[in-house]
Amino acid sequence: MAAKLYGYAESDADVEALRAYAVMDIILEDMAERGQYQILRRFLREGDTLMVAHWSALGDNAAAIGAELDSLRAEHIRLRILDLPITLQDLDEVSAVVVFQTLKEILLVLQQRQDNLQVLHRIRQQEGIQAAKNAGRQFGRPAIGYPKGWKRIFGRYQAKEIRALEASNELKISRATFYRLAKRYRQS
């Protein structure tokens, strides 16, 4: 059976880029969890070529992309990535292995850089939050104050002259807010 050329696209722009490069069957992702890609992978056979616009189409992170590269290489499926011109060349087996290994190394470096940036972002975020707290900035929704007539109506509630629903209606607050304020009032 002759080797086939398949394209996998995550957007309409990717479809156009793949069509501009070559005539092929293109699968456009429209399912969650990359379902169309998983279906396409079942159709790929030894000697076939898979073409994608970006290597991010192969996975969500460097580990997933690296695993996919290994899987494709093990099954002798050629991978062409439009963003990486070296993958578009016809290479012999040894050169293809070198390119795959180089791609994996590049992925590893990019993943480490991304991890470092995320850690740095979290550190800076925590520093900013701490600086704002030290400056007296309040976070979250402001605490609700006691409404007018609180002491009088709460006293009637405690004396069991009125129920919580009646007290909350008189104060024009929800029953949950009334209970929350009552708890805070008792603790203070």
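Every chain begins its residue count from 1, and numbering advances along the sequence as written. Under the rules for a predicted model, residues below a pLDDT of 70 receive no local features and side-chain atom pairs below 80 are neither given nor counted, while totals for whole chains, interfaces and linings still include all residues. Only hydrogens and water are set aside when side-chain values are computed; all heavy atoms of the structure are taken into account.

Trainee: It is not clear to me how a nonpolar patch on the surface should be interpreted in this structure. Could you clarify?
Mentor: Patch building starts from residues that exceed 30% relative accessible area and form no salt bridge, then joins like charges within 9 Å and nonpolar side chains (Val, Leu, Ile, Met, Phe, Trp, Tyr) within 5 Å. Accessibility throughout is a Shrake-Rupley quantity obtained with a 1.4 Å probe, and a residue counts as covered only by protein chains that appear here. Only one rule defines a salt bridge in this text: a Lys or Arg side-chain nitrogen within 4 Å of an Asp or Glu carboxyl oxygen. Taken together, the side chains of Met31, Ile39 and Phe43 present a nonpolar region at the surface, about 280 Å² in accessible area. Helix and strand assignments follow DSSP, with helices taken as H or I runs no shorter than four residues and strands as E runs no shorter than two, numbered in order from the N terminus. Along the chain, the position of Phe43 falls in helix α2 (residues 35-43).

Trainee: Would you mind showing me how to read the packing of aromatic side chains here?
Mentor: For any two aromatic rings, the description comes down to two numbers: the centre-to-centre distance and the angle of the planes. Put simply, two rings from Phe, Tyr or Trp (the six-membered ring, in Trp's case) pair if the centres are within 6.5 Å, and we call them stacked under 30 degrees between planes, edge-to-face over 60, tilted for the rest. Applying the stated criterion to the full structure yields eleven aromatic pairs. Ring centres of Trp150 and Phe154 lie 5.1 Å apart, and the angle between their planes is 10°; on these two criteria the pair is classed as stacked. With Trp150 and Phe154 both in helix α5 (residues 150-158) and four residues apart, the pair spans about one turn of that helix. Assigned by exposure class, Trp150 and Phe154 land together as buried. Cluster of aromatic residues (ring-pair linked, three or more members): Tyr146, Trp150, Phe154, Tyr157, Phe178, Tyr179 and Tyr185. To sit over a ring, a charge needs its Lys NZ or Arg CZ within 6 Å of the ring centre and within 35 degrees of the ring normal. For the cation-ring pair, Arg34 lies above Tyr37, with the distance from its terminal atom to the ring centre recorded as 4.6 Å. Sitting over the ring of Tyr146, Arg184 keeps its end group 5.1 Å from the ring centre. Partly exposed describes any residue whose relative accessible area lies between the buried limit of under 20% and the exposed limit of over 50%, with all areas from a 1.4 Å probe on protein chains only and scaled to the type maximum.

Trainee: Quick question: what am I supposed to make of the environment of Val52 here?
Mentor: By the secondary structure assignment, Val52 is in strand β3 (residues 49-52). Looking at Val52, the relative accessible area reads 0%, which means it is buried. Only heavy atoms matter for contacts: two residues are in contact if any of them lie within 4.5 Å across the pair. Residues within four places of Val52 in sequence aside, it is in contact with Tyr8, Leu18, Ala57, Leu58, Leu79, Arg80, Ile81 and Leu82.

Trainee: What is the right way to look at the nonpolar core in this model?
Mentor: If you look at soluble globular proteins, the nonpolar side chains tend to sit buried side by side. Buried Ala, Val, Leu, Ile, Met, Phe, Trp, Tyr and Cys residues that are joined via side-chain atoms within 4.5 Å together make up what is termed a nonpolar core. With 21 residues, the main nonpolar core has Tyr8, Leu50, Val52, Leu58, Leu69, Leu72 and Leu79 as its most contacted residues. The set of elements that each furnish at least two residues to this core consists of β1 (5-9), α2, β3, α3 (62-74), β4 (78-81) and α4 (93-134).

Trainee: Can you walk me through the pattern of salt bridges in this structure?
Mentor: For side chains of opposite charge, pairing can occur when their charged atoms come near one another. Taken as a whole and assessed by the stated rule, the structure comprises seven salt bridges. The salt bridge partner of Asp25 is Lys4, with a shortest N-O separation of 3.7 Å. With Asp25 in strand β2 (residues 25-28) and Lys4 in the segment before β1, the pair connects residues that are 21 residues apart, well separated along the chain. When its relative accessible area of 41% is taken as the criterion, Asp25 is described as partly exposed. A salt bridge links Arg80 to Asp90; its shortest N-O distance comes to 2.6 Å. With a gap of ten residues between them, Arg80 in strand β4 and Asp90 in the loop between β4 and α4 connect regions that are remote in the sequence.

Trainee: Just checking my understanding: could you explain the layout of surface pockets for this structure?
Mentor: The gaps of empty space that remain are located by a probe, the size of a water molecule, rolled over the atoms. In this analysis a 1.4 Å probe is tested at points of a 1 Å grid over the protein atoms alone, and where it fits but cannot get out there is a cavity; an open set with protein on both sides within 12 Å along at least five of seven lines is a pocket; lining residues have an atom within 4 Å of a point. Grid points are joined across faces, edges and corners, and a volume is the space filled by probe spheres set on the points. Of the voids in this model, the largest pocket is the one considered here, and its volume is about 270 Å³. Along the wall of the largest pocket there are 14 residues; nearest its centre are His76, Ile77, Arg78, Glu93 and Ala96. Listed by contribution, the elements that provide at least two residues to the lining of the largest pocket are α3 and α4. At four residues, the largest contribution of residues to the lining of the largest pocket is made by α4. The classification used treats Ala, Val, Leu, Ile, Met, Phe, Trp, Tyr, Cys and Pro as nonpolar, Asp, Glu, Lys and Arg as charged, and all other residues, Gly among them, as polar. Residue classes in the lining of the largest pocket are distributed as six nonpolar, three polar and five charged.

Trainee: Help me out: how do you make sense of α3 in this one?
Mentor: What sets the pattern is the α-helix's 3.6 residues per turn: residues three or four places apart point alike. In this analysis, the expected span of each helix is defined as 1.5 Å times one less than the number of residues it contains. The first and last C-alpha atoms of α3 sit 18 Å apart over 13 residues, in line with the 18 Å expected at 1.5 Å per residue. Those residues of α3 that fall on the buried side of the exposure criterion are Ala62, Ile65, Gly66, Glu68, Leu69 and Leu72. Taken around the axis of α3, the buried residues stretch over an arc of 160°, which confines them to a single face. Relative to its buried face, α3 has exposed residues pointing more than 90 degrees away, namely Ala63 and Ala74. Taken from the helix axis, the directions to the C-beta atoms give the arc we talk about.

Trainee: I'm lost on empty space enclosed by the protein in this one. Help?
Mentor: For the structure on display, the rule yields one cavity of 30 Å³ or more. Looking at the largest cavity, its volume works out to about 50 Å³. Put simply, the parts of the chain that give the lining of the largest cavity at least two residues each are β4 and α4. In terms of residue class, the lining of the largest cavity is made up of six nonpolar, one polar and one charged.

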